[in-house]
Amino acid sequence: MASSLNVSGAVSTVSEDRSEPIVRIRGFRMDFDGHAVLRDLSFDVERGETFGFLGANGSGKTTTIRALLGIYQPTAGELLVNGRRFEPALGSNLGYLPEERGLYKKESVITVMTYFGRLKGLGKHAAASWSMEYLERVDLADRAKVRVDKLSGGEQQKVQLGVTIMGEPELLILDEPTKGFDPVNRRLLLGIIEERRHAGATVLMVTHQMDEVERLCDRVLLLKNGVAEAYGTISEVQAQYGGTTAKVAFTGDIPDSPRYRVMRRENNYAELDLDESVDEAAVLRDLVQAGVRVRSFATGRPSMDDIFVRVYGGHDEPDEV
């Protein structure tokens, strides 16, 4: 099986104006029943990058995407794709994977995929051929003639992703693309997303998997209470939250100390946020002198997982509309 999927006869996905960000949001506000869900949100997604749009449940991520795609009308602000408000006629240039999957469940897999391919401007033969190649890639070729509602949830997600990337759109908007996948299939799907990225596609990705963010994303935005809490490259966001994180495997009890703050403690593992002025060796010495048996002690910049926990404190925000 080839490592990439290509289709002849696809609608051209090259934008005429390459100088503008592919996504531009300025002063976006969204009110529901007099309550501001999003307030003065502004950010760009540059062409060819993978952008992580992050936040706790209910922070406004899906609302922003729906407004960007014209499903919701914003209370205020400007949301542009390729320099203009999105219209359904531009859909062949964009692939959207919603968190709530949307497939015709009473039809066969190959019928559904071919139908969506034709909506994207592919010929019937090209759409069917691409669909079969993709189904082979994701180990679903033997399910091609099975009705969608007879597939497992994970199998339906694979089909939905195939529909999303079909036609090689230049912009992919992926809302929790690997949600519910086991590690093997998650790696498979991430590999396919990376292929589209290396082929030049722009990816705007919503995910709670911070390892996916560190592996794939060039820049990120952390959304909290309807505003941007942090925005920039992974390194810039790590620097914003500063300090040094110590990851400790131990036996005993980690004592309280002015030298650090315990960010996470699980059984015999802890993550400590060290004060910037503290010598790392002094922290290790204090632990040993307090009777802690340290099996490993490693320091570094905070991971995106550390930052997510620090920003959201392990608590989801109010339900998003």
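Higher on the page you've got the structure.
Residues numbered from 1 in each chain as written. Predicted model: local features only at pLDDT ≥ 70, side-chain atom pairs only at ≥ 80, totals over all residues. Heavy atoms only, no water.

Q: Describe the side chain of Arg264, naming the residues involved and giving the relevant values.
A: Structurally, Arg264 is set in strand S11 (residues 260-266). There is a polar contact of 3.0 Å between the side chain of Arg264 and the side chain of Asp305. Beyond its immediate chain neighbours, meaning those up to four positions away, Arg264 contacts Tyr269, Ala270, Glu271, Asp305, Asp306 and Val309. (Helix = DSSP H or I, 4+ residues; strand = E, 2+ residues; numbered from the N terminus. Polar contact = N/O pair within 3.5 Å; in protein donor to acceptor, adjacent residues only side chain to side chain. Contact = heavy atoms within 4.5 Å.)

Q: Can you break down the packing of aromatic side chains residue by residue, with the values?
A: Under the criterion given, the structure shown has 9 aromatic pairs. Summarising the aromatic geometry, the rings of Tyr104 and Phe116 are spaced 5.9 Å apart at their centres and angled 20 degrees between planes, so their arrangement reads as stacked. One end of the pair, Tyr104, is in the loop between strand S5 (94-97) and helix H2 (109-119); the other, Phe116, is in helix H2, with 12 residues separating them in the sequence. Judged by its relative accessible area of 45%, Tyr104 falls in the partly exposed class. Plain terms: the ring middles of Tyr115 and Phe116 are 5.6 Å apart, the flat faces sit at 70 degrees to each other, and that makes the pair edge-to-face. What makes Tyr115 partly exposed here is its relative accessible area of 39%. Aromatic rings pair up to connect Phe43, Phe51, Phe53 and Tyr231 into one cluster. (Phe/Tyr/Trp six-rings, centres within 6.5 Å; stacked < 30°, edge-to-face > 60°. Buried < 20%, exposed > 50% of the residue type's maximum accessible area, 1.4 Å probe, protein only.)

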